[in-house]
Amino acid sequence: MPTLDEFVANVAKSGLVTRDDLERGRERLGSTSPEGAPLQLAKLLIGQNSLTTYQARKLLSGATKGFFLGGFKILRPLGEGGMGKVYLAEAEGDKRRVAIKVLPPKKAAEEDRAVQRFRREMDLSRRVNHPNIARTLDVGEAGGVYFMIMEYIPGQSLYELVKREGGGPLRVPDTAKFFLKVLDGLEAAHSIGLIHRDIKPSNIMVTPEGDARILDMGLAKAMNEASILTRPNVVVGTLDYASPEQLGDAARANERSDLYSVGCTLYFTLAGRPPFEGGDIVNKIYKQRMEDPEPLESVAKGVPSSFAAIVRKLMAKNPNDRYQSVAELRIDIARWTDPATVRAILGAQADAARAFRPPPPSLDDEDLRFLADDDLSPSLPSLRDLGDPTPEAPPVHKLPTVPRPVLVVEPSSRGVHPPAQVGGPDEDNRWLIQFSIIAVVLGVVSILIISLIQAS
Ligand SMILES: Nc1ncnc2c1ncn2[C@@H]1O[C@H](COP(=O)(O)OP(=O)(O)O)[C@@H](O)[C@H]1O
Ligand SMILES: [Mg+2]
């Protein structure tokens, strides 16, 4: 924790707070203990809207830079995905709020190509001015950092809605109503020949009013025309929603590939998990191309088999067996928006379906998002200390951790002890390494002794 003077110097240097506002905060500080003073001043500055809690935490950690990017002030992180971090930012001039996606640094040439491709796609995506599509506003570069400026959509992603604590899968009528809005946006894009290529729960925002906004329109194509598999830092979770034909050759993606991804996203929304859970990249690609998922109606209680059939048709391996257009799909989805209809169709199952409580959300190994600010040290004051009782923690995409097998010791012959789980492979490895070192040292010493004896 910095001293009060250091903190004041950091704040002044950052350019985030005007001299007057900083003075105002200091005057209100009054007499506090020297240790508590920086935190107290940070709270006051947050209280008078001079700083956001995110900025305050960064400043308390000693940062004085990284708060401005190409004419925008960074307010807080919104999330992190395979392609970089997304921040909420404010235009320095008119204070308009935008979302800024900072692209990971790559070779300059590749960046330039990506930006060119992106501009081309953006021109196309600008032509779809639709209320269910988040607009991409511009692409910029500042000090070698490339970033995209997008319309800021308040709310949470469909992924968060389902996976966050207190969330869970949606019921059929709500899902149907919500997806009709997604389909409206997607149809508008398709109508001008724009394929999304990366429809997935984290690319669909749910606004506080329950409206749908599709994110990252045109981005997948702009970032890499060759294959999503060669995209840098591709997150395995992305493969959960990619069509078999895209996994073979990304250039083959068309409207029906987006519909396959809609099918996987519907599956996730109703089951609380993607169709093919677990496994590594190879495994996932194999399953998307060769296997059928566990039937939705048996994974998610309360989903009538006739609705599950829509999802099954969307997820057909052969594009010719799927719905051929958004318009065709919309007709079938629209039948499910009325809860009374769902009850009538479910008949005897209706009570069970009504009683069905979606399972509590669980974070999977793959596509794991955890709530953390990884660039801030854990010793820093938490958002709670800074007076934000419900911190808006950003979702983060993390590559899956490789499951570690455990060594199970069988019960002794007398059967006194139950099977016990003992140390994992790390413990065994440590033992092995120690043993090897001792063996090598003993060997070297013996060779030395023998050669000494021979020499004398
Ligand atoms: N324009 C936006 N407005 C609001 N939140 C956004 C916006 N773009 C992205 N986000 C948030 O950031 C998260 C990460 O986005 P992204 O980097 O595209 O990763 P991915 O889509 O692979 O999960 C999204 O899931 C969403 O929660
Ligand atoms: Mg995205």
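Cut-offs applied
- Residues numbered from 1 in each chain as written.
- Chains lettered and ligands numbered in written order.
- Predicted model: local features only at pLDDT ≥ 70, side-chain atom pairs only at ≥ 80, totals over all residues.
- Helix = DSSP H or I, 4+ residues; strand = E, 2+ residues; numbered from the N terminus.
- Buried ≥ 20, exposed ≤ 12 C-beta atoms within 10 Å, placed from the backbone.
- Contact = placed C-beta atoms within 7 Å.
- Pairing = 2+ DSSP bridges.
- pLDDT = per-residue confidence, 0-100.
- Axes fitted to C-alpha atoms, helices over the stretch in contact; angles between N-to-C directions.
- Core = buried A, V, L, I, M, F, W, Y, C linked by C-beta atoms within 7 Å.
- Arc of directions from axis to C-beta.

Re the overall build of the protein
Then, number 1: Helix and strand counts for the protein stand at 17 helices and 11 strands.
Then, number 2: Relative to its 456 residues, the protein shows a buried fraction of 38%.
Then, number 3: Sequence separation of 24 or more characterises 65% of the internal contacts of the protein that already satisfy a separation of 6 or more.

Regarding the sheet that holds strand 4 (residues 97–102)
Then, number 1: Reading across from one edge, 1-2-3-4-6-5 is the order of the six strands in this open sheet, with antiparallel pairing throughout. Of all the strands in the sheet, just strand 1 (68–69) and strand 5 (136–142) have a single pairing partner and so form its edges.

A word on the confidence of the model for the protein
Parts of the model with low pLDDT should not have their predicted coordinates read in detail.
Then, number 1: Confidence along the protein averages 79 in pLDDT terms, with 74% of residues attaining 70 or more.
Then, number 2: Within the model, the stretch residues 225–230 combines pLDDT values under 50 with 11 contacts to residues more than four positions away or in other chains.
Then, number 3: Residue range residues 397–428 is modelled with pLDDT below 50. Its contacts to residues more than four positions away, or to other chains, number 35 contacts.

Focus on the sheet that holds strand 8 (residues 204–206)
Then, number 1: Strand order in the open sheet formed by three strands is 7-8-9, and the pairing between neighbours is antiparallel. Single-partner strands in this sheet number two, and they are strand 7 (156–157) and strand 9 (212–214).
Then, number 2: Note: strand 7 against strand 8, two bridges, orientation antiparallel. The residue of strand 8 that forms the bridge with Gln-156 is Val-206.
Then, number 3: In the packing of helix 7 (residues 172–191) onto the sheet, the strands contacted are strand 8 and strand 9, and the crossing angle to strand 9 comes to about 35°.

Topic: the pairing of strand 4
Note on strand geometry: in a regular strand, side chains alternate between the two faces of the sheet.
Then, number 1: Pairing of strand 3 (residues 84–91) with strand 4 involves six bridges; the strand directions are antiparallel. Considered in strand 4, the bridge of Leu-88 is made with Ala-99.
Then, number 2: Hairpin connection, strand 3 to strand 4: the antiparallel pair is bridged by five residues, and Lys-95 has positive phi, about 60°.
Then, number 3: One ladder, built from five bridges, connects strand 4 with strand 6 (residues 145–151); its direction is antiparallel.

A closer look at the pairing of strand 5
Then, number 1: As judged from the six bridges shared by strand 5 and strand 6, these two strands associate in the antiparallel manner. For Glu-141, the partnering residue across the bridge sits in strand 6 and is Tyr-146.
Then, number 2: Hairpin geometry of strand 5 and strand 6 is characterised by an intervening segment of two residues between the two adjacent antiparallel strands and by a positive phi of about 55° at Gly-143.

Some words on the nonpolar core
Then, number 1: Leu-270 and Leu-314 are the most contacted members of the largest nonpolar core, which totals 91 residues.
Then, number 2: When neighbours within four sequence positions are excluded, Leu-314 is seen to be in contact with Leu-259, Tyr-260, Val-262, Gly-263, Leu-266, Arg-322 and Tyr-323.

What to know about the environment of Asp-123
Then, number 1: Tracing the chain through its elements places Asp-123 in helix 5 (residues 108–126).
Then, number 2: A tally of 10 C-beta atoms within 10 Å means that Asp-123 is categorised as exposed.
Then, number 3: Considering only alpha carbons, one finds Asp-123 and Thr-136, 13 residues apart in sequence, at a separation of 9.4 Å.

Re the environment of Asp-174
Then, number 1: Inspection of the secondary structure puts Asp-174 in helix 7.
Then, number 2: Taking C-alpha positions, Asp-174 is 8.8 Å from Asp-338, a pair spaced 164 residues apart along the chain.

Let's talk about helix 1 (residues 4–14)
Then, number 1: Of the residues making up helix 1, those classed as buried are Phe-7, Val-8 and Val-11. For helix 1, the arc enclosing every buried residue in end-on projection is 100°, short of the 170-degree limit, so these residues lie on one face. Residues of helix 1 that are exposed and angled more than 90 degrees away from the buried face: Asp-5 and Lys-13.
Then, number 2: On its buried face, helix 1 is in contact with helix 2 (19–29), helix 3 (37–47) and helix 4 (53–60).
Then, number 3: Backbone geometry just downstream of helix 1 places Gly-15 in the positive-phi region, at approximately 80°.

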